[in-house]
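A structural walkthrough
What follows is each chain in one-letter form.
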Amino acid sequence: MNRGNLACCACALLLLAGCSNNPYPDADSATRTYYTTFVEAHRTLDPAEAYNVSAHKVTGLVYDTLLEYHYLKRPYTLIPGLATEVPVAEPLADGGVRYRFRLREGAGYGDDPCFERGGKGRRSREVVAEDIAYQLQRLADPALQVQVREPFSRIVGFRDFMTALEARRRADPAFAALPARLQYQQLGGIPGLRVPGRYELEVRLSEPYPQLLYWFAMEFSTPVPWEAVEYYDARPGRARFADHPVGAGAFQVVEYQKQSRVVLERNPNWYGYRHPDAPAARYPSEGAPGDAALGLLDPAYRGRPVPFVDRIEIRLDKEDIPRFGKFLQGYYDVSKIIKESFDQVVQSDRLTPEMEALGVRLQKAVSPSVFYLGFNMADKAVGAAAGARGRKLRQAMSLAVDSARFIELFLNGRGVEAQAPLPPVLAGYPEGYRNPYRQVDLERARRLLGEAGYPEGIDPQTGKPLRLSFDTYATSSQVLLQREFFVNEWRKIGIDVEIANTTYNEFQAKLERGAYQLYFYGWSADYPDPENFLFLLTCDMRRIPHNGPNSANFCDARYDRLFAQMEVMPNGPERNAIIEEMLAILREERPWIELFHRIDYSLAHEWISNLKPFGMSHPMYKYYDVDPKRRAELRAARNRPVVWPAWALLGVAVLGVAPGVRTFFRNRQ
Amino acid sequence: MEAHHVSNLLVALLLLGAAATGRALWRNRLWREALTELWRRRRLSLLTIALFISVGLLDSVAWIGGEVAGEDLLASHEARSVIDRLFLKPAEGSYSAPFATHTFYNKQPLVAPAGHPFGTDILGRDVFHRTLKGVRVALLIGGFTSLIAIPLALLLGIRAGYFGGRFDDMVFFVMSTLASIPSLLLLIALILVLGRGTWQVCVALGITSWVGLCRVTRGETLKLRELDYIQAAKALGVSNGRILLRHILPNLMHLVIVTFVLLFSQLVLSEATLAYLGIGVDGSWGQMIDQARTELSREPVIYWNIAAAGAAMFTLLLAVNYVGDALRDILDPRTLREDA
Amino acid sequence: MLAYILRRLGYGVGVVFGVLFVLFVLFFQIATPDDIARRALGEKARAQDIEDWKANNGYDRPLWPWQDFRDNQLFTHYHSMLRFDFGRSDVDGTPIARRLREGVAPSLTITVPIFVLSLLLTVLLGLFVAFFRETYIDIAGVFLCVLGMSVSILLYIIGGQFLIGKLLHWFPISGFDLDPSVMLRFIALPVMIGVLSAAGGDVRFYRTVFVEETGRDYVRTARAKGAGELRVMLRHVLRNSLIPILTRVVVTIPFLFVGSLLLENFFGIPGLGSLTVDSIQQNDFRTLRVIVFVFSLMFIGGQIATDISYAAVDSRVRLE
């Protein structure tokens, strides 16, 4: 018994010796490291394929683009990145346009063994225009899972290149066995892309498409070294290129553990060190109104060369609550506010005194996103086939949903009630726009439902309440609660909506077959242009038959005509008038019940400076700076272990057992 | 026939069946003694279980019509159970603490001040109501699953143990195969395959849980088969079917009952794990716990959801485990007791 | 003896075949190749992409031997699994064998300490409670055990993270790192919870074993001869209870390798348990199939080893 007790005590001591809640090696405290998180393991970090927030946190740092966004200015403004300037569209005789990019000289890729192909011991190489052409050809390669082909297919010959590549590969096994780069070369590349000089790239489009420049500010069009693709993809046993990013960004990956973390350090060959005057290589000296008051134009940083941090560590942390807990303890530098802790952090839209005492700062920004309930317009009961009846049904259902209450219950008020598919932060959103069908009015909803032929919600065909199905693939019970909220709203007008909760596969299959009625979805802007939202409801984007993102299957000829006009226009009153006309169509037709635009509340600790919420998924970490000394002090102060409960528990156990032991032995004797 | 008619009918059948079984057991002296002994030892636990069962049954008797609450136009067209009819107040705005008069966060007055003994959830629904509804789900998971697993296990176990031979080899092979696949993974795979829903979860649980009982019955039958009186009956030319029914099956009943009781609590706990993985049964306590688990880190903390579901589950399982323990002692002749 | 070993091995191989068949039916017949392809390719995949993907991954061939005896997926399934050629994940194309290898170490760092500590603690507590049987310590102990058994492990985890991680700052709330300088602090909390959550059932089981053993004649004889109670417990009872304890323990060893689904997932430990949950959530059937297969193999191997060692110790077993 005694021996056992001793062993137990030894174990406890051993545990207490390791007693500290610092998740990083102690030596890391002194480094200028920025700590943040990602929430799901990356499927791929190939810049042609990666298309989600977690992946962009890495690809955005490793892969620099020709153009970038100004860090501070709003509305969003493009500035040159790897390119020397933002090109202007040159109209061509055939109705198309041409963009001419010029690359900065002396930009280098991050260090990587794949460059040994260019000579022994070589670790890097200069970025040339050919690399961008190569990446754009990869976008057209059917073997890659590219999700954004559509916008790039306006490059002359892009689609033909794709079909030719596919056909040639099928027909000619010898060709298919060649490295992809040689295959592209043999086919002569994409006609709309020309590389007249080492640093020059010409992009020809078959029609005007002003949004193209935004796509050149995203990682899809980054320069990619062919050496890396061939080195990592060709041989078995080596990490895939998708797991081994090599790019011309300010940072390079030094450690990548898919299931736990990514560590990045400065790329010594980054163009910013050669061209300290390049606009994206310096901290901006001017910003949006109010930025100065927020300390974003601190003279200590204004105009100084970036990056400021030496190292970035991104940890995989899937669960909200532990992640936020670690933020409060000081182990992550920034965090979104999670729903559960909202009231602890913010009260009446201000930080609580406890948070202010912690030195935490709060920043809010409406994100360019929209969340909505969609009707399947191809459905018999709720869709276009039901004509005016269907429209009135949709209007009635739209009138019953109280998104203000939804925002309050599930988002702690961190949302703007949506009136239209467009988020109000975009140019072109009609100032003060109110959608009459998005104001809760149960009386009117019931009246419209009656006019639609469902008095009190009763379906005359069955004599029972109208039954609709709400198709979801919610995996967590918490999401299910949100769905139940909507169901309860519609109960108020007598419609019996049933949640059809299936697996993801079944849901996708339903989308393909068109066998669904209502669904919940969201969309986040790829770039800040109304076109990026309004295209979601065009005929060409329908799920059936085009398998596009228009899952509502909404199709309206007049809307499409207006869209085609609006798409190629510059921002201005004329464009706004057309946008307003388009919104009017959606208002009456109601393919969507627009719910809310998220407001991002982000928190930052006092030791980190120059933070401004960005909205789109682009890591702007090169502008951030941290004070490691202050961080180490505060972490230590806030995380002293409280040990007395352990002793207390032990005491209670001993006291509880002791009398029994005593009596027991007395009796035995 | 509509769902609630089926449910009502099943309740009637269940009550009849329970009455018949009870009578049959009571007539047998040994069983009567065992049951009396059980009652003497575990009165509180038995009463608790009885209470839970009655709630579950009351929640299964439903009809359309009657008084309806608030703005809900649908309720008058839906079948609602006796339990539902006890909670006629419309939903509140959002969270409210037990017996509170105002909502928890923005202090709106409640429709039913001090009327919610366990508070309300995020959608303003009465947590006591939801907890009571969870009783039926828990009993359904435990009961329906046992209904699948026990007959299957008995049928295969007894046949295999008694006749042996090819059939025994086969059953034994199937058992070893299923036992070699980690049960939680098999369970998850089965649910992914069968789809979500109550009966799917029950079937999956049934498939993963019959093996344990089957092994026990097979082993026991093997032993019984060799006993003198069975050999004598065989020698006298009593038919196999008769031996199985009259001699083997009754001698296995204690094992079945004990296994069932222990299986029950295991099933309810498994469902909680499934709920966390997002493939549980709608309305179960597991789902309530999963929905509420993030509320614990709210500030000020919302404890009543998770506490109500956790406590209900805990009470039922505690009672069941206690009764199971006592049953094992009483029914198993081998258990050596100090006082014996 | 050799004959027995061979027969037992042969039977084990048979069970492996059986397991593989169950897996095939579960993962191929019902989760169609279209489902797998769609999940792997994402929402925007076109019909042609799905066909290509299926062809590239061999999912377009007939399933059963009677459809095409030479080229069917059933044979391929057996062939690749039995050669441990696991292929690549349906979701992100990484070799499954590598993911398994990477996952074993994190899983073991959690499960082995849980296993050892839990064994020590529960046997000791079982002895302790059995020693004081029929006193209030025993009654309270059994009550606490049943109490512990009636609580879902979810509640243990949630409570543990809240109390120890967040309020008391003893250990990180969650996370993992194989770096030895910080590993201990990461595993402390999950290990504590793992030990605690299983303690109820184990202590109760060991108590029953010990109490049963104390009732036997030799114990009475020993007592009659004047041996001290403590000595009786440690020398006689504990030693004679080793067989049931070992039987229970050996069965759990294969479970060490799969890790704990919930613990790993809540604590962000990149082990096999997390891999399993991820595969389930992403419909990565190929990975899931391999995990289940590997586990079953270990389980069967463990069983065979146990049986053979029993047979070696006790010749009567073989006759059964």
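Here is what the cut-offs are and how they apply
- Residues numbered from 1 in each chain as written.
- Chains lettered and ligands numbered in written order.
- Predicted model: local features only at pLDDT ≥ 70, side-chain atom pairs only at ≥ 80, totals over all residues.
- Axes fitted to C-alpha atoms, helices over the stretch in contact; angles between N-to-C directions.
- Helix = DSSP H or I, 4+ residues; strand = E, 2+ residues; numbered from the N terminus.
- Parallel < 35°, antiparallel > 145°, perpendicular 65-115°, else oblique.
- Contact = placed C-beta atoms within 7 Å.
- Nonpolar A, V, L, I, M, F, W, Y, C, P; charged D, E, K, R; others polar.
- Pairing = 2+ DSSP bridges.
- Buried ≥ 20, exposed ≤ 12 C-beta atoms within 10 Å, placed from the backbone.
- Domains from an automatic or database assignment.
- Expected span 1.5 Å × (residues − 1).
- Arc of directions from axis to C-beta.
- Core = buried A, V, L, I, M, F, W, Y, C linked by C-beta atoms within 7 Å.
- Left-handed = near helix turned anticlockwise from the far one by under 90°.

Before going further, it helps to spend a moment on the packing of helix α5 (residues 96-131) of chain C against helix α13 (residues 272-281) of chain C. All names here are of chain C. One way to put it is that α5 packs onto α13 with a least axis distance of 7 Å and a crossing angle of 130°. As judged from the angle between their axes, α5 and α13 are oblique. For the pair formed by α5 and α13, the contact residues are Arg99, Leu100, Gly103, Val104 and Ser107 on the first element and Leu272, Gly273 and Leu275 on the second. Class assignment of the residues belonging to the contact of α5 with α13 gives a composition of 4 nonpolar, 3 polar and 1 charged.

Residues and elements named next belong to chain A. Strand order in the open sheet made by the 4 strands is β1-β10-β9-β8, with mixed pairing throughout. Where the open sheet ends on each side, the last strands, each with one partner, are β1 (33-38) and β8 (251-257). On average, each strand axis in the sheet is tilted by 20° relative to the strand beside it, whichever way the strands run. Taken strand by strand, helix α2 (residues 53-62) contacts β1, β8, β9 (261-266) and β10 (311-316), and its axis lies near 140° from that of β8.

Let us look at the interface of chain B and chain C. With 31 residues of chain B at the interface, the matching set in chain C holds 33 residues. Within the residue set of the side of chain B that touches chain C, elements represented by two or more residues are α6 (165-180), α7 (183-194), α10 (240-276) and α12 (304-331) of chain B. When residues of the side of chain B that touches chain C are assigned to their parent elements, the largest contribution, 7 residues, is made by α12(B). Looking at the side of chain B that touches chain C, its residues break down into 21 nonpolar, 8 polar and 2 charged.

Another aspect to go through is the sheet that holds strand β4 (residues 90-91) of chain A. Residues and elements named next belong to chain A. Strand order in the open sheet formed by 4 strands is β4-β5-β7-β6, and the pairing between neighbours is antiparallel. Across the chains shown, the open sheet's two edge strands, defined by having one partner strand only, are β4 and β6 (193-197). Note that β6 and strand β7 (residues 200-205) share 3 bridges and pair antiparallel. Within β7, the position partnered with Gly197 by the bridge is Glu200. Along the sheet face, helix α3 (residues 129-139) touches β6 and β7 and points at about 170° away from the line of β6.

Once that is clear, we can look at the environment of A:Glu227. Residues and elements named next belong to chain A. By the element assignment, Glu227 lies in helix α9 (residues 226-234). Judged by the 21 C-beta atoms lying within 10 Å of it, Glu227 falls in the buried class. Glu227 sits 115 residues away from Asp112 along the chain, and the two C-alpha atoms are 9.9 Å apart. Apart from residues no more than four positions distant in its own chain, Glu227 is found in contact with Cys114, Phe115 and Arg117.

As a further point, take the domain arrangement of chain A. For interface size, the figure often reported is the accessible area lost on association. The domain architecture assigned to chain A consists of domain 1 (3-19 + 641-668), domain 2 (40-281) and domain 3 (369-600). Averaged C-alpha coordinates put domain 2 of chain A and domain 3 of chain A at centres separated by 36 Å.

A few words on the interface of chain A and chain C. Counting from both sides, the interface comprises 40 residues of chain A and, opposite them, 44 residues of chain C. Counting only elements with at least two residues in the side of chain A that touches chain C, the list comes to α1 (2-17), α11 (320-328), α18 (504-513) and α23 (644-668) of chain A. Ranked by residue count, the leading element in the side of chain A that touches chain C is α23(A), at 5 residues. The class makeup of the residues in the side of chain A that touches chain C is 16 nonpolar, 16 polar and 8 charged.

So, on to the pairing of strand β5 (residues 97-102) of chain A. All names here are of chain A. Because side chains alternate across β5, one face comprises the buried residues Val97, Tyr99 and Phe101, and the other comprises Arg98, Arg100 and Arg102, none of which is buried. The sheet contact formed by β4 and β5 spans 2 bridges and is antiparallel. In the sheet register, Pro91 faces β5, and the bridge partner there is Val97. Here β4 folds back onto β5 in antiparallel fashion, the turn holding 5 residues, of which Gly95 has a positive phi close to 95°.

The subject of this paragraph is helix α21 (residues 573-589) of chain A. Residues and elements named next belong to chain A. In this model, α21 (17 residues) spans 25 Å end to end at C-alpha, consistent with the 24 Å of a helix rising 1.5 Å per residue. All of the buried residues along α21 are Ile579, Met582, Leu583, Leu586 and Glu589. In a view along the axis of α21, the buried residues occupy a sector of 125°, so they form one face of it. Those residues of α21 that are exposed and aimed more than 90 degrees away from the buried face are Pro573, Glu574 and Glu588. Check the buried side of α21 and you find it contacts α14 (387-400), α19 (531-534) and α20 (557-567). Looking at the residues trailing α21, positive phi occurs at Arg590, about 55°.

Residues and elements named next belong to chain B. By domain assignment, chain B separates into domain 1 (1-63 + 81-86) and domain 2 (137-340). Across the boundary between the two partners, domain 1 contributes 12 residues, which contact 11 residues of domain 2. Taken together, the elements giving at least two residues each to the side of domain 1 that touches domain 2 come down to α2 (29-41) and α3 (43-58). Class assignment for the residues of the side of domain 1 that touches domain 2 results in 6 nonpolar, 3 polar and 3 charged.

Further remarks concern the nonpolar core. In terms of nonpolar packing, the biggest core is built from 140 residues, with B:Ile141, B:Ile188, B:Ala309 and C:Ile157 touching the most fellow members. Not counting residues within four places of it along the chain, the set of residues in contact with C:Ile157 comprises C:Ile193, C:Leu262, C:Leu263 and C:Phe266.

Residue and element names in this part refer to chain B. Where helix α5 (residues 127-163) contacts helix α8 (residues 198-225), the two axes come as close as 6 Å, and the packing angle between them is 35°. In the packing of α5 onto α8, the handedness of the crossing is right-handed. Across the contact of α5 with α8, the residue classes tally to 21 nonpolar, 8 polar and 2 charged.

Here the residue pair A:Val306 and A:Pro307 is connected by a cis peptide bond, since its omega of -5° sits within 30 degrees of zero. Relative to the helices and strands, A:Pro307 is located in the loop between α10 (271-274) and β10. A:Pro545 follows A:Ile544 through a cis peptide bond whose omega is 5°. In this structure, A:Asn553 is a non-glycine residue whose phi angle is positive, near 55°. Structurally, A:Asn553 is set in the loop between α19 and α20. Judged by local crowding, A:Asn553 falls into the buried class, with 26 C-beta atoms found within 10 Å. Here the phi dihedral of C:His169 falls at roughly 60°; this positive angle occurs in a residue that is not glycine. Along the chain, C:His169 falls in the loop between α7 (153-167) and α8 (180-214). Overall, the presence of 20 C-beta atoms within 10 Å leaves C:His169 in the buried class.

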